[in-house]
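Coordinates in review
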Amino acid sequence: MNMAAVAATECFHCGLHVAPDANWRVTIDGAGRAMCCPGCAAVAQTIVDIGQASYYRERTGFAATAGQADVPPELKLFNDDPRIVADGDACEATLLVEGIRCAACVWLIEHRLRQLDGVQQASLNVATERLFVRWHRDKTTAADILQAVRSIGYTAWPYDAARHGEQLQKASRTLGRQLFVAGLSMMQVMMYVAPEYMAAGDGTLDSEMASLLRWASLFLTLPAVAYSALPFLRGALSSLRARVLGMDVPVALGILAAFIGSAVSTFRGAGEVYYDSVTMFIFLLLCSRYLELLARRKAASALERMQHGLPESASRLRGWPESRDCDVVPASTLEAGDMVLVKAGEAIPADCVIEEGATSVDLSLLTGESAPQPRRTGNEVPGGAVNAGNAVVLRVARPARESTLSDLLKLVEQAGGAKPQIAQWADRAASLFVAGLLLFAAASFAFWWWHDAARAWPVAIAVLVVSCPCALSLATPSALAAATDRLLGKGVLIVRPHVLETLHRATHIVFDKTGTLTEGRPVVQRIAPLGGASAAECLHISAALEAFSAHPLARAISAAANANGHAPAVASEPFELPGHGVEAYIGGQRYRIGTAVFVAGVAGTPVPTGADASGAGTTVWLGAEGRWLARFTIGDALRPEARAVVQAFRKQGKEVILLSGDQQEIADAVAHELGMERGHGGCLPDQKLNFVQELQAKGAVVAMVGDGINDAAVLSAADVSFAMGSGAALAQAHADCVLLHAQLGLLAEASHTAASTMRVIRQNLAWATLYNLTAIPAAAIGLLNPWLSGIGMAASSAIVILNALRLRRTSSWKPSTF
């Protein structure tokens, strides 16, 4: 087919007629091409974006339209999209779905995709409008999945952040216009029905005037039904196409029944009309939808900040170090080994290593830590961090698609796409509710037709309108989305959907010691002078000796000296005996630091009586010729918030246990200091696993907190697990949740938020259930008319959403709280 031969009035993609007022255009091979609808425009733009514009030059016919059953050829191009990730026999992809209106859309799309042979998982995040799909590569294809989504009235394509932003803006503008039209129609209709209501008692309104007012109301209601109610009508049509009863079905039936009944009465000149109820119902329901849209935006705010964390472009150096000339290139094209220049205020385009310069970086997007962190030559900096200091030259260690931020986003998307058991229960309940509601409405109509035929129609409408399956379905996801966003902003990355639910139910909290309750690095805990010299003098001498050693204990002593402002003395003739210690001369006198046997060789006497080491920690001795000078106790320091976190869990009635690979006496000392019930030392990884499994066999719900890598087996076995981790280790974490900047207080924050979230979910479910149990029978016995039912239905959804949004403002955990 010749591209130039396509008429300007035909859609360049599918060949259908393009309406004169259509403004959808896509630039293909440098020319703007007309499109008949946003769906064709979206598909055409994606084909261009993935470098397949040649499809339009080589095709022999137009793309299939929605009425054709076969998969259109242009969708088959997505089978080779680089954004599809292969994992053995399975493939997975994250898609952006256009046209999501509420939780009903989520249930409908997931239900349709699970009907496809080969689809293993389909999870749509209502907050971010992203669809995660995993399928067997030999049973179905990406094109089949996209076509299945299109077959029920939605459009999907591989996720693109820029397009998602445009989609959100477009959806907001469209909903705003529909809300304006519905509000205007409602106010005008109210003006025309008011005289009839006021004259109902005394009959002063003559029949001709009443007929004129009804006809005016009919024409004023038409825009609301034909335009403002489109989200509900399209949602119901999509449900019926998929042969399921979605939550838009009773809403659409209520709107159409009230409008058609009113129109029939207007044409006949007799009977009740409900134009005011129809317009009010549409307006109030759109208000609820608009509120839900804002809630989804807020719930996805932290994720959106991450998505825009990596810059679009980077300054790549050519010929460095001989040349400083830069080329501005897309950040996505950077490869390992490329040299880039990052100026102050710019974002790091990928995981890099500093080759030249020193600066400070803002890691708040990745870890929640607001204070800039110093970095110098040789240090790694993650992609997405912001250069808050000087310009630096960096070497790309990993391309942007493999960066720390990309790994983080994958974990967040994985978490947002899945659903905990309580959300799945709410979805099943809502779908059964719709079927039951339609049967109940039909039964109510039948009863009133027999008992009082004049009231049958308004009662059936009221039953359809007053029901609120959306509130039931929104009760859980709205709360979880708000809580997850709040925790992500504080540095708590929820990877699995059940974390908050299971943490709230946990009966036992099991901690690893090293790197979890402790800092994971040795520090000087105590200095005991032995030979008359002060602790400061001993530290001064020790730092001079340890300057020649790279041993972790040596670095701990040097760090202690630096922290106290002690410049080390000048030592000479150093000699290090591996595993024993260091010897050197200071001011002509020989000193040794190390084990007791090694230092006794220069001190000339055994360890002084009463100076034996005691308690937890490693002992390092300092001596000079003929005398002992000091004993250093070095250990892994407890995190400052560790005791407060342990006590917080104990006051919640949970049993707190320590599992450690260290000696039993060290485990006992740490457990005693933190106020734990038990401390178990000498535990190998398989012993930790057996211990947790034994607790579970007794009915315990176990939460495990470890380092995320060394404790992989026990973290996977626990009912819910938390890893202290950041940086590249995120991708290796086996935990259900990651505390991004390794602060133990975040665990207590997660527990505090989990309790608040479950309380809000219970409140939402209780309200939705109580409302429906009260309102539906009231409508069925004729106590509620249609317009009052509309107010109740919209208010019910609004209450659920507003209650969930309270979680974003929940007070943070503080040690003094407990």
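**Quick look at the overall build of the protein chain**
Along its length, the protein chain carries 27 helices and 29 strands. Out of the 818 residues belonging to the protein chain, those deemed buried represent 52%. Long-range contacts, defined here as pairs at least 24 residues apart, represent 69% of the contacts in the protein chain between residues at least 6 apart. Taken as a whole, the protein chain presents about 35,300 Å² of accessible surface, with 56% of it coming from carbon and sulfur.

**Topic: the confidence of the model for the protein chain**
The share of residues in the protein chain with pLDDT of 70 or more is 77%, and the mean pLDDT across the chain is 77. The low-confidence segment residues 64-69 (pLDDT under 50) makes eight contacts with residues lying over four places distant or belonging to another chain. Low pLDDT, under 50, characterises residues 727-732; the stretch is placed with 13 contacts to residues that sit more than four places away or in other chains.

**Considerations on the sheet that holds strand E14 (residues 380-381)**
Here six strands make up an open sheet; going across it, the order is E9-E8-E10-E16-E11-E14 and the pairing antiparallel. A single partner strand is all that each edge strand has here, and the edge strands are strand E9 (326-330) and E14. Of the pairings in the sheet, the one linking strand E8 (residues 313-317) to strand E10 (residues 339-342) comprises two bridges and is antiparallel in character. Paired with Arg-316 across the bridge in E10 is Val-340.

**Overview of helix H19 (residues 535-546)**
With 12 residues, H19 extends 16 Å between its outermost C-alpha atoms, agreeing within 8% with the 16 Å of an ideal straight helix rising 1.5 Å per residue. Along H19, the residues classified as buried are Cys-538, Leu-539, Ile-541, Ser-542, Ala-543, Ala-544, Leu-545 and Glu-546.

**Concerning helix H7 (residues 207-228)**
The terminal C-alpha atoms of H7, which comprises 22 residues, lie 31 Å apart, in line with the 32 Å expected from a rise of 1.5 Å per residue. Of all the bends found along H7, the most pronounced is centred on Thr-221 and spans about 30°, while Pro-223, a proline, follows it within four residues. Those residues of H7 that sit buried are Ala-210, Leu-213, Arg-214, Ala-216, Ser-217, Leu-218, Thr-221, Ala-224, Val-225 and Ser-228.

**Let's talk about the sheet that holds strand E28 (residues 720-724)**
The strand order across the open sheet built from seven strands is E17-E29-E28-E27-E18-E25-E26, with neighbouring strands paired in mixed fashion. Whereas interior strands pair on both sides, the edge strands pair on one side only; in this sheet they are strand E17 (492-494) and strand E26 (678-680). Adjacent strand axes in the sheet meet at a mean angle of 20° when their direction is disregarded. Pairing of strand E27 (residues 702-706) with E28, which is carried by four bridges, proceeds in the parallel orientation. Bridge pairing links Ala-703 to Val-720 in E28. The strands touched by helix H22 (residues 642-651) within the sheet are strand E18 (508-512) and strand E25 (655-659), with E18 carrying the most contacts at an inclination of about 165°.

**A short note on the environment of Ala-584**
Following the sequence through the fold, Ala-584 ends up in strand E21 (residues 581-586). Ala-584 sits in the buried class, given a relative accessible area of 0%. Taking the C-alpha atoms as reference points, Ala-584 and Ala-624, 40 residues apart in sequence, are found 10.0 Å from one another. The residues touching Ala-584, leaving out its near neighbours within four places in the chain, are Leu-545, Ala-571, Ser-572, Glu-573, Pro-574, Gln-589, Arg-590 and Tyr-591.

**Focus: the pairing of E10**
For E10 and strand E16 (residues 392-398), the ladder comprises four bridges, and the chain directions are antiparallel. Bridge pairing in E16 places Leu-341 opposite Val-393.

**Remarks on unusual backbone geometry**
Phi at Glu-573 takes a positive value of approximately 50°, unusual for a residue other than glycine. Secondary-structure assignment places Glu-573 in strand E20 (residues 572-577). Residue class for Glu-573 comes out exposed when judged on its relative accessible area of 57%.

**What to know about the packing of H19 against helix H20 (residues 552-563)**
How two helices sit against one another is set out by the angle between their axes and by the gap between those axes. The geometry of H19 relative to H20 is characterised by a closest axis approach of 9 Å and an angle of 135° between their N-to-C directions. Here H19 lies oblique to H20, going by the angle between them. In the packing of H19 onto H20, the handedness of the crossing is left-handed. Within the contact between the two elements, H19 uses Leu-539, Ser-542, Ala-543 and Glu-546 and H20 uses Ala-554, Ile-557, Ser-558, Ala-560 and Ala-561. Looking at the contact of H19 with H20 residue by residue, the classes come out as six nonpolar, two polar and one charged.

**Re the packing of aromatic side chains**
Tallied over the full model, the rule gives eight aromatic pairs. With centroids separated by 6.4 Å and ring planes inclined at 65°, the aromatic side chains of Phe-259 and Tyr-275 adopt a geometry described as edge-to-face. Taken together, the residues span a long stretch of sequence, with Phe-259 in helix H9 (residues 248-268) and Tyr-275 in helix H10 (residues 275-299) at a distance of 16 residues. Comparing Phe-259 with Tyr-275 shows no difference in burial state: the two are buried. In this structure an aromatic cluster arises from ring pairing among Trp-215, Phe-219 and Phe-267.

**Thoughts on the nonpolar core**
Ranked by size, the top nonpolar core spans 47 residues in total, and within it Ile-255, Ile-282 and Val-463 carry the most contacts. Within the residue set of this core, elements represented by two or more residues are helix H6 (161-198), H7, helix H8 (230-241), H9, H10, helix H14 (421-451), helix H15 (453-466) and helix H26 (745-780). Counting residues in each nonpolar core, the second largest holds 45 residues, with Ala-479, Phe-511, Val-645 and Val-670 among its members.

**Section: the pattern of salt bridges**
Taken as a whole and assessed by the stated rule, the structure comprises 13 salt bridges. A salt bridge links Arg-318 to Asp-325; the nearest nitrogen and oxygen atoms lie 3.9 Å apart. With a relative accessible area of 41%, Arg-318 lands in the partly exposed category. With a closest N to O distance of 2.8 Å, Arg-395 and Glu-355 form a salt bridge. Of this pair, Arg-395 sits in strand E16 while Glu-355 sits in strand E11 (residues 351-356), placing them 40 residues apart in sequence. For Arg-395, a relative accessible area of 32% translates into the label partly exposed. When salt bridges with common partners are traced through the structure, they connect Glu-583, Arg-590, Arg-592 and Glu-625 into a single cluster.

The rules behind each value
- Residues numbered from 1 in each chain as written.
- Predicted model: local features only at pLDDT ≥ 70, side-chain atom pairs only at ≥ 80, totals over all residues.
- Heavy atoms only, no water.
- Helix = DSSP H or I, 4+ residues; strand = E, 2+ residues; numbered from the N terminus.
- Buried < 20%, exposed > 50% of the residue type's maximum accessible area, 1.4 Å probe, protein only.
- Contact = heavy atoms within 4.5 Å.
- Areas by Shrake-Rupley, 256 points an atom, 1.4 Å probe, with all protein chains shown as cover.
- pLDDT = per-residue confidence, 0-100.
- Pairing = 2+ DSSP bridges.
- Expected span 1.5 Å × (residues − 1).
- Bend = angle between axes of the 7 residues up to and from the residue.
- Axes fitted to C-alpha atoms, helices over the stretch in contact; angles between N-to-C directions.
- Parallel < 35°, antiparallel > 145°, perpendicular 65-115°, else oblique.
- Left-handed = near helix turned anticlockwise from the far one by under 90°.
- Nonpolar A, V, L, I, M, F, W, Y, C, P; charged D, E, K, R; others polar.
- Phe/Tyr/Trp six-rings, centres within 6.5 Å; stacked < 30°, edge-to-face > 60°.
- Core = buried A, V, L, I, M, F, W, Y, C linked by side-chain atoms within 4.5 Å.
- Salt bridge = Lys/Arg side-chain N within 4 Å of Asp/Glu carboxyl O.

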